[in-house]
Amino acid sequence: MENKMSREEAWKLLTEYTQTPALLSHAQMVEAVMEHFGRLNGEDPEVWGVAGLLHDIDYEKYPEEHCLKAEEIMREKGVDEVYIRAMKCHGYGICTDTEPESQMEKTLYTIDELTGLINAACLMRPSKSVLDLEVKSVKKKFKDKHFAAGVDRDIIRNGCEMLGMELDDVIRETIAGMREKAEEIGLKGNL
């Protein structure tokens, strides 16, 4: 990898294009989970985290050109291809035809939607926290199509298949990643 990007550089770039608190929070949730999965895969958690942080860089300003505009922005800024590919892969079958190949790309594709579901599940809890959230609660919400209806369950299922992991395990590790940064991502709740 030629140009490894620091977390600080990535945050500066992200916030140049994204100001909405909910979108920044989502980026941080995905970053936290990606770092966690990076460690699980014996790879550089910062690289994985930065890929997670930047995946929706164009979404606030260019929702109609999602992923296309991000590639343009990232190339202009000299961002390494590793991050560009990961960003494109997260939109596979939705707004790109770039199929996830590496573990990092497959993970980002899988957990992007899942963090949204878990975030919504946390906010419905009395504690408003990820710290006391159980896999079975998320599974129940996952099966309820009316809950967080914008979350595409098929993407999560396809991603689990790509990763060769069971849904329960992906949920468990995604929760674990979010717990590590519960305070930063606003999901410590009242615990």
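Applying the stated rule across the entire model yields 16 salt bridges. Notably, a salt bridge pairs Glu72 with Lys69, separated by 2.9 Å at the nearest N-O pair. With Glu72 and Lys69 both in helix H4 (residues 68–76) and three residues apart, the pair spans about one turn of that helix. Note that Glu81 and Arg75 form a salt bridge whose closest N and O atoms lie 2.8 Å from each other.

The next point concerns unusual backbone geometry. The residue Cys67 is not glycine, and still its phi comes out positive at about 80 degrees. Positionally, Cys67 belongs in the loop between helix H3 (45–54) and H4. The class of Cys67 is buried, set by a relative accessible area of 1%. Positive phi is not limited to glycine here, since Ala148 has a value of about 45 degrees. For Ala148, the position within the fold is in the loop between helix H7 (135–143) and helix H8 (153–163). Classification of Ala148 by relative accessible area gives partly exposed; the value is 23%.

Parameters at a glance
Residues numbered from 1 in each chain as written. Predicted model: local features only at pLDDT ≥ 70, side-chain atom pairs only at ≥ 80, totals over all residues. Heavy atoms only, no water. Salt bridge = Lys/Arg side-chain N within 4 Å of Asp/Glu carboxyl O. Helix = DSSP H or I, 4+ residues; strand = E, 2+ residues; numbered from the N terminus. Buried < 20%, exposed > 50% of the residue type's maximum accessible area, 1.4 Å probe, protein only.

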